[in-house]
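Geometric and topological summary
Each chain is listed here by its residues.
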Amino acid sequence: MADGSQTFIRYLKCVGTGAKHNRDLTPDEMRDAMRQMLSGEASPEQTAAFLLGWRLKPESVEEFRAALDVLDAHTRHTPVKNGLELGYPFDGKADNPYLFPLAAQMVAHRGLRVVVSGGALQPAKGGVTVRDVCRTLPMPGNLVYFDRENYCPPLAALSPVRQKLGLRTGLNTLERLPDVGHCDTALIGVFHKPYVQKYVEIFGNRYKRLVIVKGNEGTPEVFGKCRLWLCEGGEVTEHTIDPKSFGIDYAKSFERIDAKTSLAMLREPSEGLMRLARLNAALWLWAKGEAQNLEEGWERLGG
């Protein structure tokens, strides 16, 4: 079929025929649908229609897992020893700067390597991306950046159709933790508590420890009082972090800042931003098991 895949149409019918007739795809169907989107067998129009319908159906955990199997098969993995993977949204941060470049240098002396991945801006926030930061500013030696153009070209190739669609889809969830570095520990951000269990079921078995943070702008970065969930060995425990307990009273922004301002705040960070970065670095030590709790991690960093 020159302008699309005839077999893909049956997958479109699973997600695009209305609430009465929509159904979840089987794992094999989902793998084939993802394979066809990544290979280009499905036309851009078919891919956009599927991603939108899949979002509205909505996606099941089983479908997410099957799609992740295919993404894994198309990903070039480069193991990073003693690595900690941070899963950031590919639609960027719009209101506050990133903390990972500042926090990474604070844990370098402990041999911890911080792994982030990035790529072209995806819908729908229109913020500053991890790629923008890593390509513009000098990074600490223990910060390992993987660009999707290199580690998963087929997924990167879907960026134009996703950008034209202009909406978040299931790919926004899956792309956050590509497991490029085969790290045993990962942090990911979450907007809403109902997604915590979904993230545990999708990503939990890929890591020895998975930390899910209700962080700033959907990232795993702590800017204010928030909750986090630690998943290890099938058990999930809930914790609360309050920066004020560490003498931090940082006034985070709720208004959009441009890329120039965001990057400038990293080039010349304020004392408050540095203390916030240290708190996040302490969280990383706790996540990796190098500290028994957040307080111990803070003390080990000279807080």
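The notes below deal with the structure included here. Everything quoted here is computed from the prediction, not taken from an experiment. (Residues numbered from 1 in each chain as written. Predicted model: local features only at pLDDT ≥ 70, side-chain atom pairs only at ≥ 80, totals over all residues. Heavy atoms only, no water.)

Two cysteines whose sulfur atoms are joined by a covalent bond form what is called a disulfide. Overall, the coordinates contain zero disulfides when judged by the stated rule. The thiol of Cys152 is unpaired, and the distance to the nearest cysteine sulfur, on Cys183, comes to 17 Å. Summary of cysteine pairing: Cys226 is not part of a disulfide, and the nearest cysteine sulfur, belonging to Cys231, is at 18 Å. (Disulfide = S-S within 2.5 Å.)

Under the counting rule described, the total for this entry stands at 11 aromatic pairs. Here Trp54 and Phe64 contribute two aromatic rings whose centre-to-centre distance is 5.5 Å and whose plane-to-plane angle is 55°, an arrangement assigned as tilted. One end of the pair, Trp54, is in helix α3 (residues 44-56); the other, Phe64, is in helix α4 (residues 61-73), and 10 residues separate them in sequence. Its relative accessible area of 0% is what places Trp54 among the buried residues. By relative accessible area, which is 1% here, Phe64 ends up buried. Taken together through their ring pairs, the aromatic side chains of Phe8, Tyr11, Phe50, Trp54 and Phe64 make up a single cluster. Its end group placed over the ring of Tyr98, Lys93 keeps NZ or CZ at 5.6 Å from the ring centre. One cation-aromatic arrangement involves Lys198 over Tyr195; the distance from NZ or CZ to the ring centre is 5.0 Å. (Phe/Tyr/Trp six-rings, centres within 6.5 Å; stacked < 30°, edge-to-face > 60°. Helix = DSSP H or I, 4+ residues; strand = E, 2+ residues; numbered from the N terminus. Buried < 20%, exposed > 50% of the residue type's maximum accessible area, 1.4 Å probe, protein only. Lys NZ or Arg CZ within 6 Å of the ring centre and 35° of its normal.)

The interhelical angle for the contact between α4 and helix α11 (residues 194-203), taken along N-to-C directions, is 40°, at an axis separation of 9 Å. With respect to α11, the axis of α4 lies oblique. Crossing handedness for the pair α4 and α11: right-handed. Along the contact surface, α4 presents Val61, Phe64, Arg65 and Leu68, while α11 presents Lys198, Glu201, Ile202 and Phe203. (Axes fitted to C-alpha atoms, helices over the stretch in contact; angles between N-to-C directions. Parallel < 35°, antiparallel > 145°, perpendicular 65-115°, else oblique. Left-handed = near helix turned anticlockwise from the far one by under 90°. Contact = heavy atoms within 4.5 Å.)

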